[in-house]
Amino acid sequence: MSTETHPNGTPPHLMPLPAAPPRSAASGTRVVTRGAVIVPTQGKGFTGKCGFDYNLNPAIGCRFGCSYCYAANFTQDKAPEGLAWGQWTTLKAQSGAAISQHAPLGGKSIYMSTATDPYQPAEKEARITRGILEALALPKHQGVTLVVQTRSPLVVRDTELLLDIHRHGLVQVNMSVTTDSEGVRKHFEPTCPPIETRLQAVAQLVAAGVQCAVTVTPMLPLEDPLAFAARLAGLHLNSVVIQPFHEVQTQMGVRSTRSEALDTLAAMKLTPEDIKVQARVLWKELRRLGMNVGANQEGFNVPERQVR
Ligand code: SF4
């Protein structure tokens, strides 16, 4: 990491960057009634290797449009013409019906979602993810394990349904909190909810009895790793997962950080190696504070019930 500092003492990675490029206001939200909602992993892919039986995606595309999102690498060919990643999403209106008609899912584990955020902005009105939870709460699916991966405080709306499913199975909400710095967030994921609202959502969920983890994935530059660790330690989480940028092209780019994010990092005069250094500091401090910390794939394994 560069030791250069701004005259006002700002650490180099938090020096102001040029304004993030404006995003199109074009409406790219469509609704369809076809396409697979829940797909068996058959032990393959990232979630399959983590032990999940199914991937569940209530949409293709994601209006959060994070600059590093690897999902853009394999879904952009489904984009409406002329719309870039983050400017479109195709909601699967049949999701709830598909789950309610599915063979019993008790004893099975589901990861929602691998290629979209189940609580992206359109969910507020569309309530498609809510329909999925209502279906998973049916008696026929008792005993299911569900991980909900999101960046959105909107998940709090469905607290009662999450608790219903957890009563006979297991639910864990994985909240992605990629940095402790709003300045950094605005450059890598400007359309996502602010960091503080995500942490407050986790606090609300935990207070209501919902099992939660925070996934610092992919980890972006941090302002104060020690203070961030202390904040996370105060949330009574089941675990924290830390995963620095995927900097290497793999599987034809499928699980790779997009160049847009790597360019932003370079503009901060930082490298993926600098983030790894901060990741080690965060990991060590969380462990010192008694937290259950997972790194990379191991951190995403099917969770067990948290003992409080
Ligand atoms: S919220 Fe998730 S799926 Fe959506 S753009 Fe960001 S990383 Fe990709």
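See the structure shown above.
What you see is a predicted model, and the numbers here were worked out from it, not measured in a lab. (Residues numbered from 1 in each chain as written. Predicted model: local features only at pLDDT ≥ 70, side-chain atom pairs only at ≥ 80, totals over all residues.)

A. Region of interest: the overall build of the protein. A tally of regular secondary structure across the protein gives 11 helices and 11 strands. A separation of at least 24 residues holds for 81% of the contacts in the protein among residues at least 6 apart in sequence. (Helix = DSSP H or I, 4+ residues; strand = E, 2+ residues; numbered from the N terminus. Contact = placed C-beta atoms within 7 Å.)

B. A look at the pairing of strand S5 (residues 89–92). Of the pairings in the sheet, the one linking strand S1 (residues 29–32) to S5 comprises four bridges and is parallel in character. Considered in S5, the bridge of Val31 is made with Leu91. Direction of pairing for strand S4 (residues 59–60) relative to S5: antiparallel, over a ladder of two bridges. Within the sheet, the bridge partner assigned to Ala59 lies in S5 and is Leu91. (Pairing = 2+ DSSP bridges.)

C. Geometry of the packing of helix H5 (residues 128–136) against helix H6 (residues 159–168). H6 packs onto H5 with a crossing angle of 30° between their chain directions and a minimal axis gap of 9 Å. As far as their axial angle goes, H6 and H5 are roughly parallel. Relative to H6, the crossing made by H5 is left-handed. Listed contacts from H6 to Leu133, Glu134 and Leu136 of H5 are Leu161, Leu162 and Ile165. (Axes fitted to C-alpha atoms, helices over the stretch in contact; angles between N-to-C directions. Parallel < 35°, antiparallel > 145°, perpendicular 65-115°, else oblique. Left-handed = near helix turned anticlockwise from the far one by under 90°.)

D. Quick peek at the sheet that holds strand S8 (residues 170–176). A sheet is described by the order of its strands in space; here eight strands give the open sequence S2-S3-S6-S7-S8-S9-S10-S11, paired in mixed fashion. The open sheet is flanked by strand S2 (38–40) and strand S11 (293–295), the only strands paired with a single partner. Direction aside, neighbouring strands of the sheet carry axes that sit 20° apart on average. Its contacts with the sheet place helix H11 (residues 272–288) against strand S9 (211–219), strand S10 (239–244) and S11, and it is angled at close to 165° to S10.

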